[in-house]
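# Coordinate inspection notes
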Amino acid sequence: MQSILNQLVYFGYLQSIFLLLIYLFSPKNRKNINGYIAFLVLVLAIGLSGRVIYLSGIFGSNYRLFIFSEFATLLFGATIYLFTRSSLLGKRFTTKDLFHYAPAFFFNIIVTFIFILPTDQVIKERVDSGEHFRNTILLVGIGLLFNIGYWIMSLRIFMKFRAKIKNEVSYSIQTGFFLNFLIAIGICLVCWVTMYFTWIFGFKGLDRSAWQIIWLSIASIILFIAFYGMKEPDLYKITSLVKTKKYIHSKLSNDDLSLLKVKLDTLMQEKKPYLNQKLLKSELAEMMGISNPEIARLLNERIGMNFFEYINYYRIKEFIELSRSEKATAMTFFGIAQEAGFNSKTTFNKSFKNLMGTTPKVYFSNTSINNDQI
């Protein structure tokens, strides 16, 4: 088991070096890799380097080489948070963001003075007295707290983003990657916490293997998103789809809102902007000649729907109309839904059931449409 884990450490380290070289010497691929992902790979390389040197035995079995890997401990959480914020909120790195790495800086100084600089004799005395164990428990606990804290902050950003997105876009955006990414990191942290407490209570049999497995799990996640990011560069550009222009909030009277509602109804019926599968709220506002906040108020106060619900309401109406046409006899339900403006089968089925109270298949069970075409 240990031999396999050691080989995986070598593999992960070589892959991280390979990705860093691509980032440094391939301008084309560098454009496709989120800068925070590149830094995560660098952090990973730092974290694995000490283990690789230690396992290779080049400088003997000096445990200080293994401790060197802990320099990366507090860098992971902050970088994952900044990566999530950058991808979902479009916030670029500023000098103020260096504050997030201040704990890692001081943590590494403490690790250096406590575990690396002291002589072997001093370390042995600390081990015998139990001081070494207490220091280790304290620092690992600090590392856990910071990483868990940044993971929670990342998850909150994602949840707020997903809740807000329906007020800006009329289609389904694939945010599952970020959720799965955060879940995977969360599982690693749970394992880390579990091993931390087993260590505290004296269950040391799995120490070495368990810590390596946690490191390798985090390494696998980072390497995966780095490779996948090169393959699917738009994965990290979600925020560019939902950026809206900033407007000054104007005050509309009730009469203004009533007139705007008539104008909006006419626009939807005559120009059918909902047929655009990628329609944004800002685009509809521009067609109306009003601001984003104004159309949001119009939808909320006069229609009682958010943007996502309103546009898909018209798409369902269009779908029902199209489904009764001769053209629809040679199409599946989702094919018709795409003609009506939907880009996701899941969104279509959910929207249809919410509006009509049943599934498309049941609703059209008495029509001439083939019930199997759903």
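Residues numbered from 1 in each chain as written. Predicted model: local features only at pLDDT ≥ 70, side-chain atom pairs only at ≥ 80, totals over all residues. Heavy atoms only, no water.

Next up on the list: the overall build of the protein chain. In terms of helices and strands, the protein chain carries 18 helices and zero strands. Taken over 374 residues, the protein chain has a buried fraction of 45%. Counted over contacts in the protein chain with a minimum sequence separation of 6, partners at least 24 positions apart contribute 71%. A total accessible area of about 20000 Å² is found for the protein chain, and carbon and sulfur atoms account for 62% of it. (Helix = DSSP H or I, 4+ residues; strand = E, 2+ residues; numbered from the N terminus. Buried < 20%, exposed > 50% of the residue type's maximum accessible area, 1.4 Å probe, protein only. Contact = heavy atoms within 4.5 Å. Areas by Shrake-Rupley, 256 points an atom, 1.4 Å probe, with all protein chains shown as cover.)

Before going further, it helps to examine the packing of helix H15 (residues 307-323) against helix H17 (residues 345-356). The interhelical angle for the contact between H15 and H17, taken along N-to-C directions, is 85 degrees, at an axis separation of 10 Å. The angle between H15 and H17 places the two elements in the roughly perpendicular class. Contact residues: H15 offers Phe308, Asn312, Tyr313, Ile316, Phe319 and Ile320, while H17 offers Thr347, Phe348, Ser351, Phe352, Leu355 and Met356. (Axes fitted to C-alpha atoms, helices over the stretch in contact; angles between N-to-C directions. Parallel < 35°, antiparallel > 145°, perpendicular 65-115°, else oblique.)

In this structure, Ile37, Phe76, Val111, Phe181 and Ile222 are the most contacted members of the largest nonpolar core, which totals 57 residues. Contributions of two or more residues to this core are made by helix H1 (2-25), helix H3 (35-56), helix H5 (73-89), helix H6 (102-116), helix H8 (131-165), helix H9 (176-200) and helix H10 (207-231). Residue contributions to this core peak at ten residues, all from H9. Dropping the residues within four chain positions of it, isoleucine 222 is found in contact with Leu40, Val41, Leu44 and Phe76. Residues Leu264, Leu279, Leu284 and Phe307 belong to the second largest nonpolar core, which totals 19 residues. (Core = buried A, V, L, I, M, F, W, Y, C linked by side-chain atoms within 4.5 Å.)

Here we come to the pattern of salt bridges. This model, assessed by the stated rule, comprises six salt bridges. As a salt-bridge pair, lysine 261 and aspartate 265 come within 3.0 Å of each other at their nearest N and O atoms. Here lysine 261 pairs with aspartate 265, and both are found in helix H12 (residues 254-270), just four residues apart, close to one helical turn. On the accessibility criterion, lysine 261 (27% relative accessible area) is partly exposed. (Salt bridge = Lys/Arg side-chain N within 4 Å of Asp/Glu carboxyl O.)

On to H6, then. Over its 15 residues, H6 extends 20 Å from the first C-alpha to the last, a length consistent with the 21 Å expected when each residue adds 1.5 Å. Residues of H6 that are buried: Ala104, Phe107, Asn108, Val111 and Phe115. Projected down its long axis, H6 shows its buried positions confined to an angular sector of 100 degrees, all on one face. For H6, the exposed residues set more than 90 degrees away from the buried face come down to Phe105, Phe106 and Phe113. (Expected span 1.5 Å × (residues − 1). Arc of directions from axis to C-beta.)

Here we come to the confidence of the model for the protein chain. Summarising the model, the protein chain shows a mean pLDDT of 80, and 80% of its residues fall at 70 or more. Low pLDDT, under 50, characterises residues 243-248; the stretch is placed with seven contacts to residues that sit more than four places away or in other chains. Between residues 368-374, whose pLDDT stays under 50, and residues either more than four places distant or in other chains, the model counts 14 contacts. (pLDDT = per-residue confidence, 0-100.)

Here we take up the environment of leucine 88. Looking at where leucine 88 falls in the secondary structure, it is placed in helix H5. Separated by 72 residues in sequence, leucine 88 and lysine 160 place their C-alpha atoms 9.9 Å apart.

In this section: a nonpolar patch on the surface. Taken together, the side chains of Phe105, Phe106, Ile109, Phe113 and Leu117 present a nonpolar region at the surface, about 550 Å² in accessible area. Here phenylalanine 105 is to be found in helix H6. Assessed through its relative accessible area of 52%, phenylalanine 105 is described here as exposed. (Patch = residues over 30% accessible without salt bridge, like charges linked within 9 Å, V, L, I, M, F, W, Y side chains within 5 Å.)

By the definition in use, this model includes 15 aromatic pairs. Each ring, one from tyrosine 313 and one from tyrosine 314, has its centre 5.3 Å from the other, and the planes form 80 degrees; the classification is edge-to-face. Judged by relative accessible area, tyrosine 314 falls into the buried class, the value being 7%. For the ring pair phenylalanine 319 and phenylalanine 352, a centre distance of 5.8 Å and an interplane angle of 85 degrees mean the geometry is edge-to-face. Of this pair, phenylalanine 319 sits in helix H15 while phenylalanine 352 sits in helix H17; the two residues are 33 residues apart in sequence, bridging distant segments of the chain. The burial state of phenylalanine 319 is the same as that of phenylalanine 352; both residues are buried. (Phe/Tyr/Trp six-rings, centres within 6.5 Å; stacked < 30°, edge-to-face > 60°.)

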